[in-house]
Amino acid sequence: GNAQVRGRLAQVLMQTGDASGAETLLGAGAEQQPENPLWPQMLGQLASQTGRSDEALAQAGKAFELGKSPESLLRYAGLLVDADRAGEAETLLRENIELVNAEPVLQGARGVALAKSDRADEAREVFSKAVARAATPQQVSMIARQMVQGLGLDATIAALPATPEG
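Notes on the structure follow.

What counts, and where the lines are drawn
- Residues numbered from 1 in each chain as written.
- Predicted model: local features only at pLDDT ≥ 70, side-chain atom pairs only at ≥ 80, totals over all residues.
- Heavy atoms only, no water.
- Core = buried A, V, L, I, M, F, W, Y, C linked by side-chain atoms within 4.5 Å.
- Buried < 20%, exposed > 50% of the residue type's maximum accessible area, 1.4 Å probe, protein only.
- Helix = DSSP H or I, 4+ residues; strand = E, 2+ residues; numbered from the N terminus.
- Contact = heavy atoms within 4.5 Å.

### Focus: the nonpolar core
Item 1. Membership of the largest hydrophobic core comes to 32 residues, with the highest contact counts inside it found for Leu73, Tyr76, Leu92, Leu93, Phe127 and Ile143.
Item 2. Mapped by element, the contributors of at least two residues to this core are α4 (53-67), α5 (70-82), α6 (86-95), α7 (97-102), α8 (104-116), α9 (120-133) and α10 (137-151).
Item 3. Ranked by residues supplied to this core, first place goes to α8 with 7 residues.
Item 4. Here Phe127 is in contact with Gly108, Gly111, Val112, Ile143, Gln146, Met147 and Leu151, once residues within four sequence places are set aside.
Item 5. In terms of nonpolar packing, the next biggest core, distinct from the first, is built from 11 residues, Leu13, Met14, Leu25 and Met42 among them.

### Here we look at the environment of Val112
Item 1. Relative to the assigned elements, Val112 resides in helix α8.
Item 2. A relative accessible area of 3% means that Val112 is categorised as buried.
Item 3. Considered as a pair, Val112 and Ala83 are 29 residues apart in the sequence and their alpha carbons are 13 Å apart.
Item 4. In contact with Val112, not counting residues within four places along its chain, are Val81, Phe127, Gln146, Gln149 and Gly150.

This is the structure in structure tokens:
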């Protein structure tokens, strides 16, 4: 509908460097449909792209509260970690454990938050579960990146299960 068209047009404006035009379009959408998580999600992406990390974080939080989707939780938790607020990210993920347990990549995000909160042993446990539950090569790759982000490369290599030479 109208929201999708407006969202796509805003994406085109963002890609062509018209951040102001995109923000105007997205702001109007948010005014017309304040309960639609699409608007704060996109306003957050725009804020992130234009270096406004506090605004990006606030919009990501609003998008998650409106939508409670795995994608919005992953984005919000990731921005909290990036803002050196890993403890808050871990609390958020723990409070939404049903979503986390359903998505291996969200388990990986929880591992990052734990690791960045100086809880590396718990992080390794969570990463291990995430890798075991990953269903696609893309999920495994994303979780591996999360492990490196949380634990560092050497600890990630040490945490990987030994595989027979083949």
